[in-house]
Amino acid sequence: MRDEPLDVLVIGAGISGLAAASALQRHGLRVAVLESRARVGGRIHTVQIGPHGPSVDLGAAWIHGIGSAQAPNPLFALASRAGLGAAPTDYADAATYTAGGTRLPPSAVSEMEDIYNAFEQHLRSLLRSPDPQPALQPLSVALDRYAACAGLSPAQHVALSFAASNHMEHYWAGDMHSMGVAALDEEVLPGGDVVLPGGYSGLVGTLAAGLDVRLGHQVKHIRYGVGHNDGGGGGASGTGAGVAVTVHIASPQPLVPSEHPGHAQAAAGVAVDGGRLVTLHARAAVVTLPLGVLRSGGVAFSPPLGATDPAKAAAIGALGTAVYNKVIMYFDPADVFWDNTAFIYRMPRPHEAGRWSYFLNLHKVTGAPVLIAFNLGEEAAALEALSDEAAVSGALAALAGVYGPSRVRRPWAALVTRWGSDPHSRMSYTYIPAGVTTAALDDLARPVAGRLFFAGEATHRAHYGTAHGAYDSGLRAAAALLQQLAAEAAQEVAGRAGQRLPLQPRLRLLPPPPPRHQQRERMAAGKGSSWGKPQTVGVLGPDQWLATSAAATGAVLQESGGGAPATMGVGSSPAAAAATAMVFAVPHNGGVVPAAASGTIGGSGEDSSCGLAGGGANEGQQEQGGSDRKQEDEEEDYGKVGQARVPPRPAARSRM
Ligand SMILES: Cc1cc2nc3c(=O)[nH]c(=O)nc-3n(C[C@H](O)[C@H](O)[C@H](O)COP(=O)(O)OP(=O)(O)OC[C@H]3O[C@@H](n4cnc5c(N)ncnc54)[C@H](O)[C@@H]3O)c2cc1C
């Protein structure tokens, strides 16, 4: 495999890159995955804690929404097939405390949830507003306005701030004053959330099997629109436009004559920094670099992305790179001193160093005596500068405030994540900042010059920030790449037969998705999401460089279901007929990603005027400080939250 010319270079061996690579390889393409780390999985990373401890996930832990028949979650199907097991979590199975250690009675918790529920309904009504401005305001501004407009008492306002932190900050991982209302413009899969007791890495191991993954290959420079067989200088000596990707190979391997026989220039690896620089060539690339890496400029593009797609470059600058970190503590099973609930929520004091407000109790969920504390946003970024010992002490001090110092024990072992300073990710996951809409995710996803295809969690409009969104984005990029190459193959054959074919338009075989409000209505009517449906792409052509195996023809990217056949006709002559590329079904979401909501979006019929007047990111910061100060006074008042007459909503959840 390594000595053959390559069709596609996939950059990044996270779940999106592995999904794309395995789909492309199944279709007969020669694919190599270039990965800068010494392992696959990216932001999915399972390790053992302590010498004899259980497996824990440093990155993704949850499959969010196992799905239903109408809206399946392909990642859950993959986990099931891999026999990874699944442990459901109930976010309402929680003990909620004030920072001073007073446990909130169930009635207070349910009132707090009711207030939050009304607020979320209100935000969804803002999303439906014909005026785009309300959706652009910071969540903190929307919250303070809502509290004033709805006549919440100071105690209710504090309760709402805490519940919103649990539901929103711990889900999207941005601070309330950084995130915008448009963050809610996503799709939530049904069925509840599960963790994988053996760890998420089992999933990526399954996907990586059989792929040509080149670890320790850090991509430095991506040139596109270059001759496929030239030396990377952009000349026209090759067989068509392709990509040239320069990598720094970290491993101390001896210089070999060529990574890619047939390319004299690529053969000359240049020794640098204890490794070597090599340029690899292919027809196209799938770029799955995390948004934080794209933004850092550590990978150069030629031509610059801003020159070929200014909106994409703008999206890279505008979208939010959230930092979400875990302090994972493994205790002596005899020392389990905390509540027997899946979650422990603690209302932090304002301006408290660290926000030790959210703990997952694995002891309840999987049986492992492990407590995980989560931090997000600016606090999480600041905590990265602390030593492990200091971070663990911060978490234990918060627990001592809740349970009393005498009950709290030291863990046997602890792990502290630092995703923000990890040079391979420079973030945890993407959020939607104030002033930005989810359309920026589509901008990031758009292919460039028919050579670069983009995938990764930051490119999925409906499921950004999640592992299943990343996985789906990889399949989508693979499908788009196959379409492109199929069109080019057909073009080439038709050209030889003296005919001209349009490249892209004929490949748009399915009607565009319905407008968003119709999708939301579908969801509300229980008809399910258009996401997660089978994506089937098969290519028949005379030049079977694309579909080199019989299995490639009509093979499915996902294993379930199939689509209605559709044909891209290219004329009636025998040559043209031979050149017909048959696309069995284009991906349902190719190019346009549905962004429906969780079934109740916009359904409240509430007056949205609470969020309609003015407002901006700066204002959010100012007002946030005000509500922090109020919180100090109201902290011990949570049990006295007034009655709120609002419909119930699902309990808080988190992307841990
Ligand atoms: C703490 C934390 C908790 C999370 N919890 C959840 C959860 O519970 N549920 C959920 O669904 N999602 C969760 N997520 C999000 C989820 O992990 C990500 O959305 C998903 O794993 C992203 O996959 P990806 O393929 O897009 O990116 P990545 O996994 O980041 O893959 C990109 C790959 O590119 C590589 N790379 C970077 N630079 C270069 C370079 N120059 N050259 C070559 N390779 C390079 C990286 O090393 C990486 O392997 C969590 C994330 C974090 C950090």
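What counts as what
- Residues numbered from 1 in each chain as written.
- Predicted model: local features only at pLDDT ≥ 70, side-chain atom pairs only at ≥ 80, totals over all residues.
- Heavy atoms only, no water.
- Helix = DSSP H or I, 4+ residues; strand = E, 2+ residues; numbered from the N terminus.
- Buried < 20%, exposed > 50% of the residue type's maximum accessible area, 1.4 Å probe, protein only.
- Contact = heavy atoms within 4.5 Å.
- Areas by Shrake-Rupley, 256 points an atom, 1.4 Å probe, with all protein chains shown as cover.
- Expected span 1.5 Å × (residues − 1).
- Bend = angle between axes of the 7 residues up to and from the residue.
- Pairing = 2+ DSSP bridges.
- Axes fitted to C-alpha atoms, helices over the stretch in contact; angles between N-to-C directions.
- Salt bridge = Lys/Arg side-chain N within 4 Å of Asp/Glu carboxyl O.
- Domains from an automatic or database assignment.
- Buried area = accessible area lost by both parts, 1.4 Å probe.
- UniProt positions renumbered as here; feature names shortened; annotations may be inferred.
- Phe/Tyr/Trp six-rings, centres within 6.5 Å; stacked < 30°, edge-to-face > 60°.
- Lys NZ or Arg CZ within 6 Å of the ring centre and 35° of its normal.
- Left-handed = near helix turned anticlockwise from the far one by under 90°.
- Nonpolar A, V, L, I, M, F, W, Y, C, P; charged D, E, K, R; others polar.

## Some remarks on the overall build of the chain
Here is step 1 of the chain: Along the backbone of the chain there are 19 helices and 25 strands.
Here is step 2 of the chain: The proportion of buried residues among the 656 residues of the chain is 58%.
Here is step 3 of the chain: Across the chain, every contact between residues at least 6 apart in sequence was considered, and the portion connecting residues at least 24 apart equals 77%.
Here is step 4 of the chain: Only carbon and sulfur atoms are counted for the fraction: they give 56% of the accessible area of the chain, which is about 23,500 Å².

## Some remarks on helix 6 (residues 154–172)
Here is step 1 of the chain: Between its first and last C-alpha, helix 6 extends 26 Å over 19 residues, near the 27 Å set by a 1.5 Å rise per residue.
Here is step 2 of the chain: Along helix 6, the sharpest change in direction is near 35° and occurs at Ser165.
Here is step 3 of the chain: Of all 19 residues that make up helix 6, 18 are buried, and the element is covered over most of its length.
Here is step 4 of the chain: Ala173 sits one or two positions beyond helix 6 and adopts a positive phi of about 70°.

## Regarding the sheet that holds strand 1 (residues 8–11)
Here is step 1 of the chain: In spatial order, the strands read 9-2-1-14-23; together these 5 strands make up an open sheet with parallel pairing. Every other strand in the sheet has two partners, leaving strand 9 (213–214) and strand 23 (452–454) as the edge strands with one partner each.
Here is step 2 of the chain: Across the sheet, helix 16 (residues 467–496) touches strand 1, strand 14 (284–287) and strand 23, and the angle it forms with strand 23 is around 155°.

## Overview of the pattern of salt bridges
Here is step 1 of the chain: Throughout the structure, instances matching the rule amount to 18 salt bridges.
Here is step 2 of the chain: Note that Glu169 is salt-bridged to Arg355, the shortest N-O span being 2.7 Å. Taken together, the residues Glu169 in helix 6 and Arg355 in the loop between strand 18 (343–347) and strand 19 (358–361) connect sequence positions 186 residues apart.
Here is step 3 of the chain: Since its relative accessible area comes to 3%, Glu169 is described here as buried.
Here is step 4 of the chain: Each of Glu169, Asp175 and Arg355 takes part in one network of salt bridges that share partners.

## A few points about the domain arrangement of the chain
Here is step 1 of the chain: Looking at the chain, the domain boundaries give domain 1 (6–42 + 200–229 + 241–250 + 275–321 + 432–484) and domain 2 (94–195 + 324–416).
Here is step 2 of the chain: Taking the mean C-alpha position of each, domain 1 and domain 2 sit 32 Å from one another.
Here is step 3 of the chain: Contacts between the two partners involve 12 residues from domain 1, matched on the other side by 13 residues from domain 2.
Here is step 4 of the chain: For the pair domain 1 and domain 2, the summed buried area comes to about 960 Å², and 54% of that belongs to carbon and sulfur atoms.
Here is step 5 of the chain: The tally of links between domain 1 and domain 2 comes to 0 salt bridges.

## Considerations on the UniProt feature "binding site: FAD" (unreviewed entry) in the chain
Here is step 1 of the chain: Here, UniProt's "binding site: FAD" (unreviewed entry) annotation points to Ser16 and Val219.
Here is step 2 of the chain: Following the sequence through the fold, Ser16 ends up in helix 1 (residues 15–26).
Here is step 3 of the chain: When neighbours within four sequence positions are excluded, Ser16 is seen to be in contact with Thr288, Ala455, Gly456, Ala470, Tyr471, Ser473 and Gly474.
Here is step 4 of the chain: Considering the arrangement of structural elements, one finds Val219 in strand 10 (residues 217–227).
Here is step 5 of the chain: With a relative accessible area of 5%, Val219 lands in the buried category.
Here is step 6 of the chain: Each residue touching Val219, except ones within four places of it in the same chain, is listed here: Ile11, Leu34, Val245, Thr246, Val247, Gly298 and Val299.

## Observations concerning the packing of aromatic side chains
Here is step 1 of the chain: For the coordinates displayed, the defined rule picks out 19 aromatic pairs.
Here is step 2 of the chain: Aromatic side chains Phe337 and Trp338 sit 5.0 Å apart centroid to centroid with 90° between the ring planes, which places their arrangement in the edge-to-face category.
Here is step 3 of the chain: Accessibility expressed as a relative area gives 5% for Phe337, which makes it buried.
Here is step 4 of the chain: Aromatic rings pair up to connect Trp62, Tyr91, Tyr324, Phe343, Tyr345, Tyr358, Phe374 and Tyr429 into one cluster.
Here is step 5 of the chain: A cation over a ring is seen here: Lys312 above Phe454, with NZ or CZ 3.8 Å from the ring centre.

## A short note on the packing of helix 1 against helix 16
Here is step 1 of the chain: Closest axis-to-axis distance for the helix 1/helix 16 pair is 7 Å, and the angle between their directions is 35°. In the packing of helix 1 onto helix 16, the handedness of the crossing is right-handed. Contacts between helix 1 and helix 16 involve Ile15, Ser16, Ala19, Ala20, Ala23 and Leu24 from the first element and Ala467, Ala470, Tyr471, Ser473, Gly474, Leu475, Ala478, Leu481 and Leu482 from the second.
Here is step 2 of the chain: Broken down by class, the residue content of the contact of helix 1 with helix 16 amounts to 12 nonpolar, 3 polar and no charged.

## Brief notes about the environment of Arg103
Here is step 1 of the chain: Position of Arg103 relative to the elements: it lies in the loop between strand 7 (94–98) and helix 3 (106–127).
Here is step 2 of the chain: Arg103 gets classed as partly exposed once you look at its relative accessible area, which sits at 41%.
Here is step 3 of the chain: The spatial distance from the C-alpha of Arg103 to the C-alpha of Val402 is 8.4 Å, given a sequence separation of 299 residues.
Here is step 4 of the chain: Those residues in contact with Arg103, other than ones at most four positions away along the chain, are Ala94, Ala95, Thr96, Tyr97, Asp339 and Thr341.

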